[in-house]
Structures are given as C-alpha cells and as structure tokens.
Amino acid sequence: GAVVSQHPSWVICKSGTSVKIECRSLDFQATTMFWYRQFPKQSLMLMATSNEGSKATYEQGVEKDKFLINHASLTLSTLTVTSAHPEDSSFYICSALTDRAGVYTDTQYFGPGTRLTVL
Amino acid sequence: TQLLEQSPQFLSIQEGENLTVYCNSSSVFSSLQWYRQEPGEGPVLLVTVVTGGEVKKLKRLTFQFGDARKDSSLHITAAQPGDTGLYLCAGERSGGGKLIFGQGTELSVKP
C-alpha cells in the first residue's frame, strides 16, 4: 500500500513551453502533498506544500507564478512549469502524506520522480 | 543555513566494511526519517524515529535518534554492493508533515 505515482516519468520540451506533471496517490487519500526538486547528486529541496481544496504554500525563493500547483482532489496534485527554460531542467518529485483509518501519520510516501529536460 | 547537516557527503568503501552516516542539527525534531534513493527514482523510506534515544534495527542497518532529538545516525554493518545509493535524513520540526532534508550521503560499496 501507500503507492504514489507520477506522470510523466520523463519529459523533454522546448524553451518557452509549459509542462504539467501529475502526482497521484493510488490507494489512499492525501489531503497534503509536497513538491520537491532535485539536482544531480544533490538532496531534495522542498518547493511547495499542496493542500486539497486550497492554495499551495510556496517555499521562499520559489516563484508561484512559474510553478503552478493544483490539488483538485484527494488523490491528485499537479505541478505546471510555465514558460520553461533550461535552468528549470531538474528531477521533480512529489510526496503524499498518509492518513489511514482516520489516524494521522507523518509518513511521506514519495513518487518515482519526473525528469524534466528543457531544450 | 543548512538546518540538517549530513556527513559524510560521499563515501566509497569495500564490501564487508562498516560505516556510519551522521545527521546533526541545532534544532529539535519531532521525528526524523531516513530514506534511500537510487538514481532516477524517488526516495524510499527506511525508518522513522520519534523518541529521544530510540534505536531501530533493519537487518544490517541500525538507526539511532539522539537523546535530545537533534541528531541521528545510520550504521551499516558489513556493507554490500546492494547498499550503494543516496542516503537521506529528513527531520520534521512540527506538525503538518513538512520535512527538512539533509544534504545526502552518496554511498558506493565496491565488491
């Protein structure tokens, strides 16, 4: 259980285009999801916290107009990279907090990541 | 300012050796988690520690949470090539599930 999927797993796009990445919790509901980016050989950097039915909370230095987050349902959050540029090329990872049987747990389950390459 | 200092950042050892990875902070965490990540994949949770002084074992891996809940360590006994990967510690300071990650330790175990 506690499986999180991401789609697509990799994407290549031209500079100036927008790219949407989906994050789904497959067997549980997640009121909170997180979006991270990771550069090669580096750790995860939290970009934003996505809460179902409300606006995302962005970390300092993350442009909310560039990285649009929508958490429309309890199993789906999307990250749209608008007007992508080569410096946006990175590994984007989402995670979801479990909340099984009404007992809140702090365990985050991570998706497999999406490799974005902007040409 | 890095809230969680993880060391060493790179470690290359021979199969059969022991190793310890450290995660230190001046802040108190309500819980601390260790993850392992392989290239091109998301992190996979190894363990969560929540009580000061807690020790958890997962086969050849031993995790310890400091008494003051500010630091943690991961000890691997008799490392194997399959242990190769990026090890990440992550702490939660308050409710809501938001994690602060350490820099990561890139472990390479050579046969």
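What you see is a predicted model; the values in this text were computed from it and never measured.

The rules behind the values
Residues numbered from 1 in each chain as written. Chains lettered and ligands numbered in written order. Predicted model: local features only at pLDDT ≥ 70, side-chain atom pairs only at ≥ 80, totals over all residues. Heavy atoms only, no water. Helix = DSSP H or I, 4+ residues; strand = E, 2+ residues; numbered from the N terminus. Buried < 20%, exposed > 50% of the residue type's maximum accessible area, 1.4 Å probe, protein only. Pairing = 2+ DSSP bridges.

S.K.: What's the story with unusual backbone geometry in this structure? I'm lost.
M.R.: Peptide bonds are trans in most cases, and residues, glycine excluded, mostly fall at negative phi. That bond from A:His7 to A:Pro8 is cis: its omega, 0°, falls within 30 degrees of zero. Secondary-structure assignment places A:Pro8 in the loop between β1 (4-7) and β2 (10-13). Here the amide bond leading from B:Ser7 into B:Pro8 is cis, since omega sits at -10°, within 30 degrees of zero. Residue position: B:Pro8 is located in the loop between β1 (5-7) and β2 (10-14). Non-glycine residue A:Lys41 carries a positive phi angle of around 60°. Looking at where A:Lys41 falls in the secondary structure, it is placed in the loop between β4 (32-38) and β5 (44-51). We classify A:Lys41 as exposed; its relative accessible area is 63%.

S.K.: It is not clear to me how the pairing of β4(A) should be interpreted in this structure. Could you clarify?
M.R.: Successive side chains on a regular strand alternate, one facing one side of the sheet and the next facing the other. Residues and elements named next belong to chain A. Among the 7 residues that make up β4, 7 are buried, leaving the element largely enclosed by the rest of the structure. Residues Thr32, Phe34, Tyr36 and Gln38 line one face of β4 and the alternating positions Met33, Trp35 and Arg37 line the opposite face, and both faces are buried. Relative to β5, β4 runs antiparallel, the two sharing 7 bridges. Counted as the bridge partner of Tyr36 is Leu46 from β5. From the end of β4 to the start of β5, which pair antiparallel, there are 5 residues, and Lys41 there has a positive phi angle of about 60°.

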